[in-house]
Amino acid sequence: MSSRRKIAAGNWKMNGLRQALSEVEALHVSNPAPECEVVICPPATLIRSMAKRCTEMAINVGGQDCHEDSSGAHTGDISAEMLADTGATHVILGHSERREAYGESDAQVRAKTKSAWTAGLIAIVCIGESLTHREAKNTLDIVGGQLAASVPDAATGENLVIAYEPIWAIGSGLTPTLDEIVEVHNFIRARLVRRFGDAIGKAVRVLYGGSMKPENAAEIGALPNVDGGLVGGASLKAADFSKIVAAL
Ligand code: PEP
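The notes below deal with the structure included here. From a predicted model like this one, the values you see are computed outputs, not experimental measurements. (Residues numbered from 1 in each chain as written. Predicted model: local features only at pLDDT ≥ 70, side-chain atom pairs only at ≥ 80, totals over all residues. Heavy atoms only, no water.)

## Points about the pairing of strand S3 (residues 59-63)
Link 1 in the chain: S3 sits mainly inside the fold: four of its five residues count as buried.
Link 2 in the chain: What joins strand S2 (residues 36-41) to S3 is helix H2 (residues 44-54), and the crossover it makes is right-handed.
Link 3 in the chain: Note that S3 and strand S4 (residues 90-93) share two bridges and pair parallel. Each residue of the ladder has a partner; that of Gly62, found in S4, is His90.
Link 4 in the chain: Handedness of the β-α-β unit built from S3, helix H3 (residues 80-86) and S4 comes out right-handed. (Buried < 20%, exposed > 50% of the residue type's maximum accessible area, 1.4 Å probe, protein only. Helix = DSSP H or I, 4+ residues; strand = E, 2+ residues; numbered from the N terminus. Right-handed = clockwise from strand over helix to strand, strands pointing away. Pairing = 2+ DSSP bridges.)

Shown next, in the form of structure tokens:
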């Protein structure tokens, strides 16, 4: 149906000391499928060493956030340029944990995305509704609004990946029904095509995220307009993540 290559992206969040790098080697040994691009986003402290280990493997490394400025008086922050300098090729932006814990707005996510692109990074922009919004049947309004306001105009199929992550599904073991996932992914695709035209709108990969596991990755990954997964907990262990990569 489409030539979009699947992506299995692992979000390690604030997990992993140096010894966790062995998980990446174990993943390589278990042979990720070439049709599926693999990206791992470890804590910033591990990016450099992971990127070095991954030069020989078909695995890309990404950050989990960046500041919108390229440098300056922002204690504790990391710029997109710095991520690229450590060997990262991707960066997750607007994850709901950052939107909630740090009050990140769509405008900030948009500014960060521009900065990621300036540094040559691929932005994985996260959008998704809360349980309250889902129950109030506001999912498409929320997701549509976030998509419009978080993504800058210069999007292409190469520089942008969208991750649809219902907040209530993250780390909870809950997932939407397959029909609900399809409804949102079709909607995101339609909005991308409406805004960016057919060529770009159909080239941007749209990942599903939220309690993706070895048991559900194949059925979710086979849905129309689902181009892979953004995986939290199940990306930490090579044994689980390699099954997800294979399923996708
Ligand atoms: C995430 O945090 O991006 C995520 C999808 O987490 P989990 O897979 O653990 O639900």
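## Remarks on the packing of helix H7 (residues 139-150) against helix H8 (residues 178-203)
Link 1 in the chain: Where H7 meets H8, the closest approach of the two axes is 10 Å, and the angle between their N-to-C directions is 35 degrees. For the element pair H7 and H8, the recorded crossing hand is right-handed. Here Thr139, Leu140, Val143, Gly144, Leu147 and Ala148 of H7 come into contact with H8, specifically with Glu183, Val184, Phe187, Ile188, Arg191, Leu192 and Arg195.
Link 2 in the chain: In the contact of H7 with H8, the residues fall into eight nonpolar, two polar and three charged. (Axes fitted to C-alpha atoms, helices over the stretch in contact; angles between N-to-C directions. Left-handed = near helix turned anticlockwise from the far one by under 90°. Contact = heavy atoms within 4.5 Å. Nonpolar A, V, L, I, M, F, W, Y, C, P; charged D, E, K, R; others polar.)

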